[in-house]
Amino acid sequence: MATIMVVDDEEDILILLKRLLGSRGHRVITVRDGREALRRMKEEKPDLVLLDIMMPGLSGYQLCKIIKQSSDTRSTTVAMLSAKSMDEDKVRALEDSGADWYFTKPIDTRRFAESVEWLLRNPPKRG
Amino acid sequence: MSCISIASGKGGVGKSVLCANLGVVLSERGYRVTIVDADIEGSTQGLLFGYEDAHPTLHDFLSGRAAPEEIVRSLTPTLSVVFGSVQLTALLRELDLERLGQLTSLLERSSDLVLVDCPPGLEEDTRAAVRASGAVLLVLNPDIPSVAGALKMKILARKAGKQTAGAVVNRVGGEYDIPAEELETILGEKVLGTIREDPLVRSSVVEGTPLVSSHPEAPASNDIKRLAHRLAEKLIQHK
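Caption draft 1: Structural context of the packing of helix H4 (residues 87–96) of chain A against helix H7 (residues 144–159) of chain B. Where H4(A) contacts H7(B), the two axes come as close as 9 Å, and the packing angle between them is 155°. Between H4(A) and H7(B), the angle is such that the two are roughly antiparallel. Like other packed secondary-structure pairs, H4(A) and H7(B) cross with a definite hand, here left-handed. On H7(B), the residues that touch A:Asp87, A:Glu88, A:Lys90, A:Val91, A:Leu94 and A:Glu95 of H4(A) are B:Ile144, B:Val147, B:Ala148, B:Leu151, B:Lys152, B:Lys154 and B:Ile155. Residues that form the contact of H4(A) with H7(B) fall into these classes: 7 nonpolar, no polar and 6 charged.

What follows is the structure, given as C-alpha coordinates:
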(Lines give C-alpha, C1' and ligand atoms only; values in the text may rest on other atoms or scores of the structure.)
Protein backbone atom coordinates (compact mmCIF):
# COMPACT_ATOMS: atom_id res chain seq x y z
CA MET A 1 0.00 0.00 0.00
CA ALA A 2 1.27 3.45 -0.89
CA THR A 3 0.34 6.90 0.30
CA ILE A 4 -0.86 9.12 -2.53
CA MET A 5 -1.60 12.82 -2.17
CA VAL A 6 -3.99 14.36 -4.69
CA VAL A 7 -3.86 18.16 -4.95
CA ASP A 8 -6.73 19.64 -6.94
CA ASP A 9 -9.28 22.38 -6.44
CA GLU A 10 -11.98 20.37 -8.21
CA GLU A 11 -14.02 18.39 -5.71
CA ASP A 12 -15.17 15.88 -8.36
CA ILE A 13 -11.58 14.92 -9.18
CA LEU A 14 -10.70 14.48 -5.51
CA ILE A 15 -13.69 12.19 -4.98
CA LEU A 16 -13.01 10.20 -8.17
CA LEU A 17 -9.32 9.64 -7.43
CA LYS A 18 -9.89 8.85 -3.76
CA ARG A 19 -12.36 6.16 -4.79
CA LEU A 20 -10.29 4.85 -7.72
CA LEU A 21 -6.92 4.66 -5.99
CA GLY A 22 -8.41 3.80 -2.60
CA SER A 23 -10.08 0.76 -4.16
CA ARG A 24 -6.60 -0.41 -5.16
CA GLY A 25 -5.55 -0.45 -1.54
CA HIS A 26 -3.75 2.89 -1.37
CA ARG A 27 -4.12 5.54 1.28
CA VAL A 28 -5.31 8.65 -0.54
CA ILE A 29 -4.98 12.11 0.97
CA THR A 30 -6.93 14.84 -0.80
CA VAL A 31 -5.83 18.47 -0.60
CA ARG A 32 -7.39 21.53 -2.24
CA ASP A 33 -4.50 23.99 -2.51
CA GLY A 34 -0.74 24.21 -2.75
CA ARG A 35 0.04 25.72 0.66
CA GLU A 36 -1.94 23.04 2.44
CA ALA A 37 -0.22 20.41 0.28
CA LEU A 38 3.24 21.59 1.39
CA ARG A 39 2.19 21.48 5.03
CA ARG A 40 0.58 18.04 4.77
CA MET A 41 3.55 16.59 2.83
CA LYS A 42 5.75 17.02 5.91
CA GLU A 43 3.28 15.06 8.04
CA GLU A 44 2.12 12.42 5.59
CA LYS A 45 5.30 11.79 3.55
CA PRO A 46 3.45 10.58 0.44
CA ASP A 47 5.03 8.20 -2.06
CA LEU A 48 3.33 9.99 -4.95
CA VAL A 49 1.82 13.45 -5.39
CA LEU A 50 -0.72 14.03 -8.17
CA LEU A 51 -0.87 17.74 -8.90
CA ASP A 52 -3.37 19.81 -10.79
CA ILE A 53 -1.80 22.79 -12.60
CA MET A 54 -4.46 25.48 -12.54
CA MET A 55 -5.19 26.09 -8.88
CA PRO A 56 -5.80 29.30 -6.94
CA GLY A 57 -2.70 30.56 -5.10
CA LEU A 58 0.26 28.37 -5.93
CA SER A 59 0.00 26.81 -9.38
CA GLY A 60 0.91 23.15 -9.90
CA TYR A 61 4.07 24.26 -11.72
CA GLN A 62 5.17 26.39 -8.74
CA LEU A 63 4.27 23.75 -6.20
CA CYS A 64 6.15 21.04 -8.09
CA LYS A 65 9.22 23.26 -8.28
CA ILE A 66 9.14 23.86 -4.53
CA ILE A 67 8.76 20.12 -3.85
CA LYS A 68 11.66 19.26 -6.18
CA GLN A 69 13.94 21.97 -4.77
CA SER A 70 13.53 20.99 -1.14
CA SER A 71 15.92 18.34 0.17
CA ASP A 72 13.09 16.96 2.35
CA THR A 73 10.71 16.30 -0.52
CA ARG A 74 12.67 16.11 -3.77
CA SER A 75 12.71 12.30 -3.84
CA THR A 76 8.89 12.20 -3.81
CA THR A 77 7.46 11.26 -7.19
CA VAL A 78 5.33 14.07 -8.60
CA ALA A 79 2.97 13.69 -11.54
CA MET A 80 0.96 16.54 -13.00
CA LEU A 81 -2.69 15.91 -13.74
CA SER A 82 -4.13 18.65 -15.88
CA ALA A 83 -6.65 19.54 -18.55
CA LYS A 84 -3.84 21.50 -20.22
CA SER A 85 -2.94 19.14 -23.01
CA MET A 86 -0.48 21.09 -25.18
CA ASP A 87 3.02 19.69 -25.65
CA GLU A 88 4.33 23.04 -24.39
CA ASP A 89 2.57 22.45 -21.03
CA LYS A 90 4.15 19.01 -20.72
CA VAL A 91 7.64 20.35 -21.48
CA ARG A 92 7.18 23.10 -18.91
CA ALA A 93 6.14 20.55 -16.28
CA LEU A 94 8.88 18.00 -17.01
CA GLU A 95 11.75 20.42 -17.63
CA ASP A 96 11.09 23.67 -15.79
CA SER A 97 9.18 22.32 -12.80
CA GLY A 98 10.96 18.97 -12.53
CA ALA A 99 7.80 16.83 -12.61
CA ASP A 100 8.30 13.10 -13.00
CA TRP A 101 5.26 12.55 -15.23
CA TYR A 102 2.28 14.23 -16.82
CA PHE A 103 -1.32 13.03 -17.13
CA THR A 104 -3.93 14.79 -19.18
CA LYS A 105 -7.55 15.09 -18.04
CA PRO A 106 -10.00 13.60 -18.72
CA ILE A 107 -8.49 10.30 -17.64
CA ASP A 108 -9.26 6.76 -18.69
CA THR A 109 -9.64 5.41 -15.14
CA ARG A 110 -8.38 1.89 -15.85
CA ARG A 111 -5.30 3.09 -17.75
CA PHE A 112 -4.69 5.83 -15.20
CA ALA A 113 -4.75 3.38 -12.29
CA GLU A 114 -2.24 1.17 -14.12
CA SER A 115 0.01 4.16 -14.80
CA VAL A 116 -0.09 5.11 -11.13
CA GLU A 117 1.01 1.57 -10.21
CA TRP A 118 3.91 1.92 -12.66
CA LEU A 119 4.91 5.28 -11.15
CA LEU A 120 4.83 3.81 -7.64
CA ARG A 121 6.79 0.73 -8.67
CA ASN A 122 9.39 2.24 -11.00
CA PRO A 123 9.38 6.05 -11.06
CA PRO A 124 11.33 7.37 -14.07
CA LYS A 125 14.90 8.44 -13.43
CA ARG A 126 16.39 11.56 -14.97
CA GLY A 127 19.10 10.26 -17.30
CA MET B 1 5.77 11.26 -46.76
CA SER B 2 8.63 9.99 -48.93
CA CYS B 3 11.11 12.22 -47.10
CA ILE B 4 11.32 11.57 -43.37
CA SER B 5 13.48 13.33 -40.82
CA ILE B 6 14.89 11.09 -38.12
CA ALA B 7 14.87 13.57 -35.25
CA SER B 8 15.09 13.67 -31.49
CA GLY B 9 15.40 17.10 -29.90
CA LYS B 10 17.95 15.61 -27.52
CA GLY B 11 21.35 14.39 -28.68
CA GLY B 12 22.81 10.97 -28.05
CA VAL B 13 19.63 8.94 -28.38
CA GLY B 14 21.01 6.91 -31.29
CA LYS B 15 19.19 8.42 -34.25
CA SER B 16 22.15 8.35 -36.69
CA VAL B 17 22.75 4.65 -36.07
CA LEU B 18 19.03 4.01 -36.43
CA CYS B 19 18.89 6.03 -39.63
CA ALA B 20 21.76 4.09 -41.22
CA ASN B 21 20.33 0.71 -40.24
CA LEU B 22 16.79 1.55 -41.29
CA GLY B 23 18.15 2.68 -44.65
CA VAL B 24 19.99 -0.62 -45.14
CA VAL B 25 16.99 -2.78 -44.20
CA LEU B 26 14.52 -0.88 -46.36
CA SER B 27 16.89 -0.84 -49.32
CA GLU B 28 17.38 -4.61 -48.98
CA ARG B 29 13.61 -4.96 -49.19
CA GLY B 30 13.71 -3.30 -52.57
CA TYR B 31 12.97 0.31 -51.68
CA ARG B 32 15.23 2.87 -53.31
CA VAL B 33 16.52 4.69 -50.23
CA THR B 34 18.70 7.77 -49.94
CA ILE B 35 20.12 8.80 -46.59
CA VAL B 36 21.06 12.47 -46.16
CA ASP B 37 23.46 13.19 -43.32
CA ALA B 38 22.10 16.61 -42.32
CA ASP B 39 23.84 16.59 -38.94
CA ILE B 40 25.97 19.47 -40.19
CA GLU B 41 28.23 19.84 -37.17
CA GLY B 42 28.40 16.18 -36.18
CA SER B 43 28.21 14.10 -39.36
CA THR B 44 28.59 10.40 -38.58
CA GLN B 45 27.08 8.53 -41.53
CA GLY B 46 30.55 8.33 -43.14
CA LEU B 47 31.87 6.64 -40.01
CA LEU B 48 28.87 4.30 -39.78
CA PHE B 49 29.27 3.12 -43.39
CA GLY B 50 33.07 3.09 -43.42
CA TYR B 51 33.40 6.14 -45.71
CA GLU B 52 35.12 8.61 -43.39
CA ASP B 53 36.88 10.37 -46.25
CA ALA B 54 33.86 10.72 -48.55
CA HIS B 55 34.17 13.76 -50.77
CA PRO B 56 32.46 15.91 -51.96
CA THR B 57 29.89 16.12 -49.19
CA LEU B 58 26.61 17.79 -48.29
CA HIS B 59 28.68 20.68 -46.98
CA ASP B 60 30.13 21.23 -50.45
CA PHE B 61 26.64 21.36 -51.91
CA LEU B 62 25.32 23.71 -49.21
CA SER B 63 28.25 26.06 -49.77
CA GLY B 64 27.73 25.99 -53.55
CA ARG B 65 30.93 24.08 -54.33
CA ALA B 66 29.33 20.87 -55.62
CA ALA B 67 26.30 19.87 -57.69
CA PRO B 68 23.70 17.45 -56.28
CA GLU B 69 24.77 14.58 -58.54
CA GLU B 70 28.34 14.88 -57.24
CA ILE B 71 27.42 14.32 -53.61
CA VAL B 72 25.12 11.31 -53.91
CA ARG B 73 27.10 8.12 -53.42
CA SER B 74 25.51 4.82 -54.45
CA LEU B 75 26.51 2.07 -52.00
CA THR B 76 24.25 -0.57 -53.52
CA PRO B 77 21.77 -0.48 -56.41
CA THR B 78 19.04 0.58 -53.95
CA LEU B 79 20.94 2.48 -51.26
CA SER B 80 22.55 5.89 -51.69
CA VAL B 81 24.01 8.19 -49.08
CA VAL B 82 24.78 11.90 -49.06
CA PHE B 83 27.60 12.04 -46.56
CA GLY B 84 28.48 15.08 -44.49
CA SER B 85 31.91 16.48 -43.87
CA VAL B 86 33.74 15.22 -40.82
CA GLN B 87 36.09 18.20 -41.01
CA LEU B 88 35.30 20.95 -38.56
CA THR B 89 36.28 23.56 -41.13
CA ALA B 90 32.73 23.98 -42.38
CA LEU B 91 31.08 26.73 -40.41
CA LEU B 92 27.34 26.77 -40.20
CA ARG B 93 27.11 30.43 -41.22
CA GLU B 94 28.92 29.69 -44.48
CA LEU B 95 26.27 27.19 -45.53
CA ASP B 96 22.98 27.95 -47.22
CA LEU B 97 20.73 25.62 -45.25
CA GLU B 98 17.75 26.36 -47.48
CA ARG B 99 19.48 24.36 -50.22
CA LEU B 100 18.73 21.27 -48.14
CA GLY B 101 15.10 21.48 -49.22
CA GLN B 102 16.14 21.75 -52.87
CA LEU B 103 18.28 18.66 -52.44
CA THR B 104 15.61 16.50 -50.76
CA SER B 105 13.07 17.52 -53.44
CA LEU B 106 15.51 16.34 -56.11
CA LEU B 107 16.29 13.12 -54.26
CA GLU B 108 12.61 12.30 -53.79
CA ARG B 109 12.28 12.04 -57.57
CA SER B 110 14.79 9.19 -57.74
CA SER B 111 14.08 7.52 -54.38
CA ASP B 112 11.15 5.75 -52.78
CA LEU B 113 12.30 7.09 -49.45
CA VAL B 114 14.69 9.83 -48.33
CA LEU B 115 15.84 9.54 -44.73
CA VAL B 116 17.25 12.75 -43.26
CA ASP B 117 19.56 12.26 -40.29
CA CYS B 118 18.78 15.43 -38.30
CA PRO B 119 21.17 17.32 -36.06
CA PRO B 120 20.46 17.13 -32.32
CA GLY B 121 18.89 20.13 -30.62
CA LEU B 122 16.40 22.65 -31.94
CA GLU B 123 18.64 25.20 -33.63
CA GLU B 124 18.47 26.50 -37.19
CA ASP B 125 20.26 23.49 -38.70
CA THR B 126 17.61 21.20 -37.19
CA ARG B 127 14.77 23.46 -38.30
CA ALA B 128 16.17 23.49 -41.84
CA ALA B 129 16.35 19.68 -41.88
CA VAL B 130 12.75 19.43 -40.67
CA ARG B 131 11.59 21.97 -43.26
CA ALA B 132 13.31 19.91 -45.95
CA SER B 133 11.33 16.79 -44.96
CA GLY B 134 7.74 15.73 -45.40
CA ALA B 135 7.38 14.18 -41.95
CA VAL B 136 9.30 13.66 -38.72
CA LEU B 137 10.01 10.32 -37.05
CA LEU B 138 10.71 10.94 -33.37
CA VAL B 139 13.51 8.94 -31.76
CA LEU B 140 13.86 8.85 -28.00
CA ASN B 141 15.26 6.82 -25.14
CA PRO B 142 12.88 5.68 -22.41
CA ASP B 143 13.77 8.46 -19.95
CA ILE B 144 12.42 11.88 -18.98
CA PRO B 145 15.02 14.16 -20.66
CA SER B 146 14.48 12.27 -23.88
CA VAL B 147 10.67 12.55 -23.58
CA ALA B 148 11.01 16.31 -23.11
CA GLY B 149 13.29 16.44 -26.17
CA ALA B 150 10.79 14.50 -28.26
CA LEU B 151 7.96 16.79 -27.15
CA LYS B 152 10.03 19.83 -28.15
CA MET B 153 10.73 18.24 -31.53
CA LYS B 154 6.99 17.68 -31.96
CA ILE B 155 6.39 21.37 -31.25
CA LEU B 156 9.10 22.31 -33.77
CA ALA B 157 7.55 20.04 -36.41
CA ARG B 158 4.08 21.43 -35.80
CA LYS B 159 5.34 25.01 -36.13
CA ALA B 160 7.05 24.04 -39.40
CA GLY B 161 3.75 22.61 -40.66
CA LYS B 162 5.12 19.05 -40.72
CA GLN B 163 3.36 15.92 -39.57
CA THR B 164 4.92 13.42 -37.17
CA ALA B 165 5.19 9.83 -38.37
CA GLY B 166 5.28 8.23 -34.91
CA ALA B 167 8.00 7.47 -32.39
CA VAL B 168 10.80 4.94 -31.98
CA VAL B 169 12.10 4.07 -28.52
CA ASN B 170 15.78 3.25 -28.67
CA ARG B 171 18.02 1.57 -26.09
CA VAL B 172 15.33 -0.14 -24.08
CA GLY B 173 15.98 -2.73 -21.39
CA GLY B 174 16.90 -0.71 -18.30
CA GLU B 175 15.31 -1.14 -14.90
CA TYR B 176 13.78 2.34 -14.89
CA ASP B 177 12.65 2.47 -18.50
CA ILE B 178 9.39 4.29 -19.12
CA PRO B 179 7.07 1.70 -20.71
CA ALA B 180 6.12 2.18 -24.36
CA GLU B 181 2.40 2.53 -23.58
CA GLU B 182 3.15 5.39 -21.18
CA LEU B 183 5.32 7.05 -23.81
CA GLU B 184 2.52 6.77 -26.35
CA THR B 185 0.15 8.50 -23.95
CA ILE B 186 2.42 11.39 -23.01
CA LEU B 187 3.69 11.96 -26.55
CA GLY B 188 0.33 11.45 -28.25
CA GLU B 189 2.25 9.41 -30.82
CA LYS B 190 2.16 5.78 -31.86
CA VAL B 191 5.34 3.93 -30.89
CA LEU B 192 6.28 2.20 -34.14
CA GLY B 193 9.07 0.20 -32.59
CA THR B 194 11.27 -0.38 -29.58
CA ILE B 195 14.93 -1.23 -30.05
CA ARG B 196 16.84 -3.03 -27.36
CA GLU B 197 20.13 -1.75 -25.95
CA ASP B 198 22.74 -3.89 -27.68
CA PRO B 199 26.53 -3.76 -27.14
CA LEU B 200 26.98 -5.02 -30.70
CA VAL B 201 25.90 -1.58 -31.94
CA ARG B 202 29.20 -0.20 -30.70
CA SER B 203 31.13 -3.00 -32.44
CA SER B 204 29.33 -2.25 -35.70
CA VAL B 205 30.29 1.43 -35.46
CA VAL B 206 33.93 0.50 -34.93
CA GLU B 207 33.73 -1.86 -37.93
CA GLY B 208 32.16 0.81 -40.12
CA THR B 209 29.35 -1.55 -41.10
CA PRO B 210 25.75 -1.01 -40.00
CA LEU B 211 24.60 -3.51 -37.36
CA VAL B 212 21.94 -5.14 -39.57
CA SER B 213 24.74 -6.09 -42.01
CA SER B 214 27.53 -6.89 -39.56
CA HIS B 215 25.34 -8.68 -36.99
CA PRO B 216 22.05 -9.49 -38.73
CA GLU B 217 20.89 -11.80 -35.94
CA ALA B 218 21.64 -9.36 -33.10
CA PRO B 219 18.62 -8.46 -30.92
CA ALA B 220 18.72 -4.82 -32.02
CA SER B 221 18.97 -5.89 -35.69
CA ASN B 222 15.77 -7.89 -35.32
CA ASP B 223 14.07 -4.93 -33.65
CA ILE B 224 15.17 -2.61 -36.46
CA LYS B 225 13.87 -5.05 -39.08
CA ARG B 226 10.46 -5.10 -37.35
CA LEU B 227 10.44 -1.31 -37.25
CA ALA B 228 11.38 -1.13 -40.95
CA HIS B 229 8.48 -3.45 -41.73
CA ARG B 230 6.03 -1.14 -39.94
CA LEU B 231 7.51 1.92 -41.59
CA ALA B 232 7.21 0.25 -45.00
CA GLU B 233 3.54 -0.49 -44.27
CA LYS B 234 3.00 3.17 -43.45
CA LEU B 235 4.69 4.21 -46.68
CA ILE B 236 2.50 1.87 -48.71
CA GLN B 237 -0.65 3.17 -46.95
CA HIS B 238 0.44 6.71 -47.64
CA LYS B 239 0.93 6.03 -51.34
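On we go.
Caption draft 2: Spotlight on unusual backbone geometry. For the bond running from A:Lys105 to A:Pro106, omega is 0°, close enough to zero to count as cis. Among the structural elements, A:Pro106 can be located in the loop between strand E5 (101–104) and helix H5 (109–121). For the peptide bond that leads from B:His55 to B:Pro56, omega is -5°, which places it in the cis range. Here B:Pro56 lies in the loop between helix H2 (45–49) and helix H3 (58–62). Look at A:Lys45: it is not a glycine, yet its phi comes out positive at around 45°. With respect to the secondary-structure elements, A:Lys45 resides in the loop between helix H2 (34–44) and strand E3 (48–51). C-beta crowding within 10 Å serves as the criterion here: with 12 such atoms nearby, A:Lys45 is assigned to the exposed category.

Caption draft 3: Spotlight on the interface of chain B and chain A. Facing 14 residues of chain B, the contacting portion of chain A comprises 15 residues. Every element with two or more residues in the side of chain B that touches chain A is listed here: H7 and helix H8 (180–187) of chain B. By residue number, the principal contributor to the side of chain B that touches chain A is H7(B), which donates 8 residues. The class makeup of the residues in the side of chain B that touches chain A is 10 nonpolar, no polar and 4 charged.

Caption draft 4: Fine view of the sheet that holds strand E5 (residues 113–117) of chain B. Residues and elements named next belong to chain B. Ordered in space as E3-E4-E2-E5-E1-E6-E7-E8, the 8 strands form an open sheet in which the pairing is mixed. Single-partner strands in this sheet number two, and they are strand E3 (72–76) and strand E8 (191–196). Averaged over all neighbouring strand pairs, the angle between strand axes comes to 20°, with direction disregarded. Strand direction decides the pairing type here: strand E2 (residues 33–37) and strand E4 (residues 79–82), joined by 4 bridges, are parallel. Pairing of valine 36 across the sheet is with valine 82, part of E4. Strands strand E1 (3–7), E5 and strand E6 (135–140) of the sheet are contacted by helix H6 (residues 124–131), whose axis makes an angle of about 150° with E1. Of the strands in this sheet, E1, E6 and strand E7 (163–172) are in contact with H7, which crosses E6 at around 170°.

Caption draft 5: Examining the sheet that holds strand E1 (residues 3–7) of chain A more closely. All names here are of chain A. Strand order in this open sheet of 5 strands is E2-E1-E3-E4-E5, and the pairing throughout is parallel. Edge strands, defined here as strands with exactly one partner in the open sheet, are strand E2 (27–31) and E5. Averaged over all pairs of adjacent strands, the angle between strand axes in this sheet comes to 20°, irrespective of strand direction. Sheet analysis places strand E4 (residues 77–82) next to E5, joined by 4 bridges and oriented parallel. Its bridge partner lying in E5, methionine 80 is registered against tyrosine 102. Contacts from helix H3 (residues 60–69) reach E1, E3 and E4 within the one sheet, and its direction differs from that of E4 by about 180°.

Calculation notes
Residues numbered from 1 in each chain as written. Chains lettered and ligands numbered in written order. Predicted model: local features only at pLDDT ≥ 70, side-chain atom pairs only at ≥ 80, totals over all residues. Axes fitted to C-alpha atoms, helices over the stretch in contact; angles between N-to-C directions. Helix = DSSP H or I, 4+ residues; strand = E, 2+ residues; numbered from the N terminus. Parallel < 35°, antiparallel > 145°, perpendicular 65-115°, else oblique. Left-handed = near helix turned anticlockwise from the far one by under 90°. Contact = placed C-beta atoms within 7 Å. Nonpolar A, V, L, I, M, F, W, Y, C, P; charged D, E, K, R; others polar. Buried ≥ 20, exposed ≤ 12 C-beta atoms within 10 Å, placed from the backbone. Pairing = 2+ DSSP bridges.

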